[in-house]
Every structure is written in structure tokens, then in C-alpha cells.
Amino acid sequence: MLNMGGPSTVAETHDFLKNLFMDGDLIPLPFQRVLAPLIAKRRTPRIEKQYEEIGGGSPILRYTEYQGAGMCALLDELHPETAPHKAYVAFRYANPLTQETARRMKADNVKRAVAFTQYPQYSCSTTGSSLNELFRRGRAGEMGDVEWSVIDRWGTHPGFVEAVAQNIEAALQQFQPSDRSDVVLLFSAHSLPMSVVNRGDPYVLEVSTSVNAVMDRLGHSNPYRLVWQSQVGPSAWMGMQTGEAIKGLARLGKKQVILVPIAFTSDHIETLYELDLEYMREGRELGMDIRRAESLNESPVFIRALSDIAAQHLRDYSAGKSGPMSVQMGLRCPGCKNATCGQQKHWFARAGQS
Ligand SMILES: C=CC1=C(C)c2cc3[nH]c(cc4nc(cc5[nH]c(cc1n2)c(C)c5CCC(=O)O)C(CCC(=O)O)=C4C)c(C)c3C=C
Ligand SMILES: [Fe+2]
Ligand SMILES: [Fe+2]
């Protein structure tokens, strides 16, 4: 289970930030090896405080382990041919790091593995980065002889869509029945630098497609917008920003709002601090009745979706098909060397079309 990860304790914040700023797939910096530790050090006190305020660390590991155990139990039934299944967590910037997980897999003598991204929508800076790291560890011989396949995106899987929709419906129940259809659904995803969007990264399109699928499932019952949060640094990022959207809705007199995280599968600093503490407080100060759809966390519907995605992948793989959600390791973009790059410019350049 590949993801970014987060510091499980406040004390791990600095190392998490350092690993994050060292990653050229996420943040390409000039003189990265020199600058990254400096930026991480300067940023640490502020981010430590945020992790303190949300209970002393990121719950992402706890939720990923819970989801992984649930997924494997179901998968043993759905795909007994490859049972027993075991979930390993490989985080990009926090423990357990990919390197450590690779070592554990080797010690466990694992021979067959699925690299299953836990980002529903693909970006070269998130899933791409995790897959690159996995490649590096494999090439360094740290994993032993493993037959790999990849699930690289699943943002329109009906089970994922259903789980998000059910959490929205639960949040809608908190409003008076007569008000419900006027509540604005504000889908909020982590933003992406415009430099990444403009080179054709598929993330923005895939997040939009997820939102559309959820709205289809809800029968377009409510007004909705897709907005973007968590910009870092001075460069241009994908907008509109979540904070600006909330202020804009308040100006329009649209005061009943549900914030819906759509690009994360569990709670962490971006939901618990930025959405719950910052934006919801701002909204309430503007006189709004602003709530949040719960993150997928321990949702049984979501865990079933994970097992279904994995089972379908395993069936496709044994039938010799890679399936629509998955590609096999070895296919690497000639442009950025990402395993499953979705950047149109890179692939078209290869085909001689640009
Ligand atoms: C789909 C999810 C994410 C995308 C896309 C993404 C892009 C992205 N992020 C940064 C910089 C930072 N992100 C930070 C935290 C963080 N980011 C995500 C997800 C995505 N990031 C999550 C889930 C988290 C929180 C982890 C946790 O608490 O468990 C941080 C650290 C916090 C901070 O210092 O503000 C930074 C920095 C960039 C530059 C980027 C674009 C490519
Ligand atoms: Fe981020
Ligand atoms: Fe690429």
C-alpha cells in the first residue's frame, strides 16, 4: 500500500519534511540536497505545532494498517487462488519507508506482490514518486526476486464512489430536511503546482472525474464545486483555493456547506488541521453552517472497494490482462521515467507527435 505517509509522532515531523523536500518528483528544487534540509528545518516548528493540535501526529499509518488488514481478510475470500494475502505499508516520507518495507518483504521471502497506490487519482508527483522509489529499491536488490504488478489509479471505482457518497449523505443528514437540497458540496483536493498541471499531469482531470462520478451517484442532488487546498510556497497552484471559495460562498449568501475530501483516503493534517480547524473556523466566523463529510478511514464500504479493486486486478493479471486500472511494472515513460506516467506530452513526444 503506497502512500505519502505522515509523522506518527510530533518528533518525526522534521524527518518527514526533510524526506518530502528531498523528493525531486514532488518538489524539484535547485541544489536539492542542500536546500531541502534547510527548508525542512525552517518549516518544522510550525508544522510540529499543527500535528500537536491534531492529537500528536498523523493517523495515516493507523488507518492504512486498518484498511490493509480489512482488505486482505476480504481478499482471501474474493480471490482464494492467491490466499493468504498480507498488506505491507510503504510510505514515501515517513515510517515505514519503502526501503524498510522492502527489507521486510525480502525477509518474509515474498515472491509475488502488487504495488497498490492509495492515492485514488494518479499524479506523477504522488503515485509516480512512490513507484519510482519502488523501482530504485528493486534495482538496488533490496527486495529479492519479486514478481510485481501495479494498481496505479482507481478514482472512479464504484465502491470508492459509493463510500464517498455515503459519507456525504451522512453529513447531509445533519441539516434540516427542508434545507438539504440547498447545501453546497465543496469537494476539496490537495492542489498541484501549475507547472505540473501545465505539463499534462493527469491528477486534475482524474480528481474532476471522481467528483463527477460521486455527483452522478448522488443524482446531482446538490450544488457543488471542486476546489483546491494546501498550496505550499510562492509559485502558482491550481485554484480556486478552498479558503477563497468558502469566503465567496459566504458573500453569495450560500451559508450551508459540506467540505468533502476527495483525494485522500484517510484523515491527516490536511483534513484535521486545514479543513477542520482553519477553514471550518473561518466559515463559522462568516456565519456559515459548515460541516465535513468524514474521511474514508474505517468505512467498511471503502475497505470492500479496496479488496474488490485488488481482486479484479489479480484476476486480470492471471488472465494475462493488465486491466484498465493497472499496468505492469517495466513500462516506463520515456520523458520523466515514471513507471506509469500519464503526461500526454511525454508519450506524444515519444510517438513523434509533438
Ligand atoms: C493527492 C494528494 C497530494 C498531492 C497531489 C500532493 C502534492 C503536493 N504536496 C506538496 C507539499 C506538501 N504536502 C504535505 C503534506 C501532505 N500532502 C498530502 C497529499 C498530497 N500532496 C498529504 C496527505 C499530506 C499530509 C500528510 C499527513 O499529515 O499525514 C506537506 C507537509 C505539511 C506542510 O509542510 O504543509 C508538504 C510540504 C507539494 C509541493 C505537492 C505538489 C507536487
Ligand atoms: Fe502535499
Ligand atoms: Fe512522464
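Report on the accompanying structure.

The rules behind these values
- Residues numbered from 1 in each chain as written.
- Chains lettered and ligands numbered in written order.
- Predicted model: local features only at pLDDT ≥ 70, side-chain atom pairs only at ≥ 80, totals over all residues.
- Helix = DSSP H or I, 4+ residues; strand = E, 2+ residues; numbered from the N terminus.
- Rg over C-alpha atoms; globule rule 2.2 N^0.38 Å.
- Buried ≥ 20, exposed ≤ 12 C-beta atoms within 10 Å, placed from the backbone.
- Contact = placed C-beta atoms within 7 Å.
- Near = placed C-beta within 6 Å.
- Nonpolar A, V, L, I, M, F, W, Y, C, P; charged D, E, K, R; others polar.
- Core = buried A, V, L, I, M, F, W, Y, C linked by C-beta atoms within 7 Å.
- Pairing = 2+ DSSP bridges.
- Axes fitted to C-alpha atoms, helices over the stretch in contact; angles between N-to-C directions.
- Parallel < 35°, antiparallel > 145°, perpendicular 65-115°, else oblique.
- Left-handed = near helix turned anticlockwise from the far one by under 90°.

**Some points on the overall build of the protein**
When helices and strands are tallied, the protein shows 12 helices and nine strands. Radius of gyration (C-alpha) of the protein: 20 Å, near the 20 Å computed for a compact globule of 354 residues. Here the C-alpha coordinates of the protein stretch approximately 60 × 50 × 50 Å along the principal axes. Each of the 354 residues in the protein was classed as buried or not, and the buried ones make up 44%. Across the protein, every contact between residues at least 6 apart in sequence was considered, and the portion connecting residues at least 24 apart equals 76%.

**Overview of the site of ligand 1**
Around ligand 1, the structure places 25 residues, and the nearest of them are Gly 6, Ser 58, His 190, His 268 and Ile 269. Only helix H1 (13-21), helix H2 (32-53) and helix H10 (269-285) provide two or more residues apiece to the shell around ligand 1. Class assignment of the residues belonging to the shell around ligand 1 gives a composition of 16 nonpolar, seven polar and two charged.

**A look at the nonpolar core**
As a rule of thumb, soluble globular proteins bury nonpolar side chains together. Val 164, Leu 186, Val 257, Ile 258, Leu 259 and Val 260 are the most contacted members of the largest nonpolar core, which has 75 residues in total. Tallying contributions element by element places helix H11 (residues 300-318) first for this core, with eight residues. Beyond its immediate sequence surroundings of up to four residues, Leu 259 is in contact with Leu 186, Ser 188, Leu 275, Tyr 279, Ile 290, Arg 292 and Ala 293.

**As for the sheet that holds strand E8 (residues 289-292)**
Hydrogen bonds between backbone groups are what pair the strands of a sheet, and the pairing can be parallel or antiparallel. Strand order in the open sheet formed by four strands is E6-E5-E7-E8, with parallel pairing between adjacent strands. Of all strands in the sheet, those bounded by a partner on one side alone are strand E6 (224-229) and E8. For this sheet the average axis-to-axis angle between neighbouring strands, irrespective of direction, equals 25°. Sheet strands in contact with helix H9 (residues 242-251) are strand E5 (184-190), E6 and strand E7 (256-261), and its direction is about 140° off that of E6.

**A word on unusual backbone geometry**
Omega for the bond connecting Ala 83 with Pro 84 falls within 30 degrees of zero, at 0°, which places this linkage in the cis form. Considering the arrangement of structural elements, one finds Pro 84 in the loop between helix H3 (60-78) and strand E2 (90-91). Here the residue pair Gly 239 and Met 240 is connected by a cis peptide bond, since its omega of 5° sits within 30 degrees of zero. The residue Met 240 is located in the loop between E6 and H9 in this model. In this structure, Asn 109 is a non-glycine residue whose phi angle is positive, near 60°. Within the fold, Asn 109 resides in the loop between helix H4 (98-107) and strand E3 (112-116). The exposure class of Asn 109 is exposed, given the 9 C-beta atoms found within 10 Å. Despite not being glycine, Asn 297 has its phi angle at roughly 35°, a positive value.

**Let's talk about the packing of H1 against H2**
The interhelical angle for the contact between H1 and H2, taken along N-to-C directions, is 135°, at an axis separation of 8 Å. One element, H1, and the other, H2, form an angle in the oblique class. H1 and H2 meet at a crossing whose hand is right-handed. Together, Thr 13, His 14, Leu 17, Lys 18 and Phe 21 of H1 and Ala 36, Pro 37, Ile 39, Ala 40, Arg 43, Thr 44, Ile 47, Glu 48 and Tyr 51 of H2 make up the contact between the two elements. Each residue belonging to the contact of H1 with H2 can be placed in one class, and the counts come to eight nonpolar, three polar and three charged.

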